[in-house]
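Understanding the architecture of this molecule
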Amino acid sequence: MGSPIAIVDCNNFYASCERLFQPKLNGLPVVVLSNNDGCAIARSNEAKALGVKMGDAYHLNKDQWAKWGMHIFSSNYTLYGDISARVMRVLSEFTPDLEIYSIDEAFLGLSGFADPEGHARTLRETVAQRVGIPVCVGISTTKTLAKVANRTAKKTPDSGGVCYLDTEAKQTAALARLALDDIWGVGYRLPRRLAEIGITTPLQLRDACPTMIRQRFNVVLQRTVMELQGTPCIDLEQDSPDSKTICTSRSFGRYVEGYDEMAEALTSYVSRSAEKMRKQGLATPAIMVLVQTNKHKPEQPQYYATRGVKLTIATADTGRLIRAALWGLKQIYRPGFRYKKTGVLFLDLAPAASVQGSLFLRPDSPERVRLMQLVDELNARHGRDRVRFACSGLDRGWKLKAEFHSPRYTTRWGELLNV
Ligand SMILES: [Mg+2]
C-alpha cells in the first residue's frame with residue numbers, strides 16, 4: 001500500500017472568508033457572487049440548505065433571496081488570496097511535502113507519520129485557531145481516494161471533519177455512498193458515456209479494466225481508475241483531472257532573486273495555463289499569483305505570499321492574463337529573498353462562450369480569440385513556446401532542470417523519432 005496522502009479543503013471558502021470579518025453572520029445564509037454580481041459561486045451551509053445552487057443567477061433570484069434574509073457579497077479575490085496564503089502557511093508546518101492545488105485546497109504528503117488521522121485533527125484545529133477557517137481533511141493512499149475521503153468527511157457530521165480511508169474495505173464503503181460525478185476527474189459528460197458500457201457507479205468504475213478505459217476514453221480517466229484501485233499516478237505538476245481550476249507552478253532549477261526573472265517565469269506559466277484553459281473552451285474571472293522561498297532550507301529567510309487579482313471581465317486572452325499576473329507579482333514580490341517557486345492559479349473557470357459583457361465591459365473580441373487560436377495552433381505544430389509573449393524571456397535560465405527529459409516522441413512533430 002502507498003504512503004498516506006491528505007487533501008485539505010476549506011469549507012465554503014469564499015463565504016467563510018467573508019464571515020471571518022463579520023462573525024455575526026455565523027449561522028446565517030451567505031452567498032458570494034461572481035464578477036459583476038452575475039451568479040452564486042460560494043454558499044454557506046445555510047444557503048445550501050435553502051436550496052441555492054452554484055451558478056444561480058442573482059438577477060433571477062434576488063427577490064427570493066431577500067425574503068430569506070440572504071447576506072450577499074460581491075467576490076473579493078484580494079481577500080480570498082490573502083486568507084488562502086495564511087491557511088497554506090499553517091499547512092506547510094504540518095508536512096515537508098505540500099502541493100497547493102487550488103485557492104482553498106492542498107495535498108499533503110504524510111509519509112512517515114505514525115498517526116495521520118491524529119495529525120489531521122491537530123491540523124484542523126490549528127487552522128481554525130490561527131486563521132479561523134473551517135476545513136475538512138481526507139486521507140488515503142492516492143489523491144483520487146483522498147478526494148473521496150474528503151467528501152466523506154464533509155458529508156458525515158460525526159466525522160469531526162476528518163476521514164481516513166486506510167483499508168480497501170473502508171474505501172469500498174465510502175465509494176458505495178457516492179455517485180459517479182462525485183469522483184474527481186469525472187466531469188459532467190462522462191457519466192452518460194460510461195453508462196453506455198454499463199458503468200453507472202463509482203465501484204463499477206474502480207473495478208473496470210484500466211486498459212479498456214484508456215482505449216474507449218482517454219489516459220486521464222485511466223489514471224482515475226488506477227487511483228481508485230490504489231495505484232498513485234496523478235502528478236499535479238503535470239496533469240490535473242479537474243477543469244474547475246488550472247494551476248501552473250514550478251520549482252526553479254536554481255534560486256531566483258531578481259524580479260525580472262520571476263516575471264519571465266510567471267509569464268511563461270500564465271501562457272501555459274491560458275493554453276490549457278482555451279483547449280477546454282473556458283475563461284477565468286480571477287487569478288491568484290504565488291511566490292515561495294525554499295521551505296526545505298529553514299536556515300534561509302522564508303517568505304510565502306499570494307495575491308488574488310480580479311479581472312474586470314472573464315477572459316481567455318493571454319495578454320490580459322499576463323498583465324494581471326505581473327500586477328499581482330509586483331504586489332507581493334519582496335527583494336532580498338531567494339525564491340524557489342512561483343505559480344499562477346486560474347480561479348472559477350466557466351465556459352468562455354457564456355461570458356456576459358455589458359455596456360462598459362466587453363468579452364474577448366473575435367480578433368483576439370482568433371489570434372489566440374493561431375498561437376495555440378502554431379505551438380501545437382512547431383513545439384511548445386515557439387510563439388510566445390516577449391516578456392516570457394529568451395534566456396530562461398530559471399527553467400526547471402530537465403536535462404534528462406526524453407523527447408516527446410508521440411506528441412510533437414519536431415521530436416518524432418528519425419529512422
Ligand atoms: Mg472548498
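Reference entry: report on the structure contained in this document. If you're wondering where the values come from, they're calculated on a predicted model, not measured in any experiment.

Position of G336 among the secondary structure elements: in the loop between α13 (318-332) and β12 (339-347). Each C-alpha atom of the pair G336 and E257 lies 7.0 Å from the other, and the pair is 79 residues apart in sequence.

This part is about the pairing of strand β1 (residues 5-10). Counted residue by residue, β1 has six buried out of six residues, so it is predominantly covered. By the alternation rule, side chains of β1 split into I5, I7 and D9 and A6, V8 and C10, which are all buried. Note that β1 and strand β6 (residues 105-109) share five bridges and pair antiparallel. Its bridge partner lying in β6, I5 is registered against G109. Note: β1 against strand β7 (residues 135-140), six bridges, orientation antiparallel. By the bridge assignment, C10 is partnered in β7 with V135.

Further remarks concern the pattern of salt bridges. Counted under the stated rule, the structure contains 15 salt bridges. The partner of R19 in a salt bridge is E46, with the nearest N and O atoms 2.7 Å apart. Of this pair, R19 sits in helix α1 (residues 13-20) while E46 sits in helix α2 (residues 45-49), and the two are 27 residues apart along the sequence. A relative accessible area of 15% means that R19 is categorised as buried. When the shortest N-O distance is used, the salt bridge between E117 and R121 registers 2.9 Å. Taken together, the residues span about one helical turn, with E117 and R121 both in helix α5 (residues 116-130) at a distance of four residues.

A few words on the sheet that holds strand β3 (residues 40-43). As summarised here, the arrangement of the three strands in space is β3-β2-β4, forming an open sheet in which the pairing is mixed. The outermost strands of the open sheet, each flanked by one partner alone, are β3 and β4 (71-74). Sheet twist, expressed as the average angle between the axes of neighbouring strands with direction ignored, equals 25°. Its contacts with the sheet place α1 against β2 (30-33), β3 and β4, and it is angled at close to 110° to β2.

Closest axis-to-axis distance for the helix α12 (residues 259-279)/α13 pair is 9 Å, and the angle between their directions is 140°. What the angle tells us is that α12 and α13 run oblique. Every pair of crossing elements has a handedness; the one defined by α12 and α13 is right-handed. Across from Y259, M262, A263, L266, T267, V270, S271, A274, M277 and R278 in α12, the residues of α13 making contact are T318, L321, I322, A325, L326, L329 and K330. Its residues assigned to classes, the contact of α12 with α13 shows twelve nonpolar, three polar and two charged.

About the criteria used
- Residues numbered from 1 in each chain as written.
- Predicted model: local features only at pLDDT ≥ 70, side-chain atom pairs only at ≥ 80, totals over all residues.
- Heavy atoms only, no water.
- Helix = DSSP H or I, 4+ residues; strand = E, 2+ residues; numbered from the N terminus.
- Buried < 20%, exposed > 50% of the residue type's maximum accessible area, 1.4 Å probe, protein only.
- Pairing = 2+ DSSP bridges.
- Salt bridge = Lys/Arg side-chain N within 4 Å of Asp/Glu carboxyl O.
- Axes fitted to C-alpha atoms, helices over the stretch in contact; angles between N-to-C directions.
- Contact = heavy atoms within 4.5 Å.
- Parallel < 35°, antiparallel > 145°, perpendicular 65-115°, else oblique.
- Left-handed = near helix turned anticlockwise from the far one by under 90°.
- Nonpolar A, V, L, I, M, F, W, Y, C, P; charged D, E, K, R; others polar.

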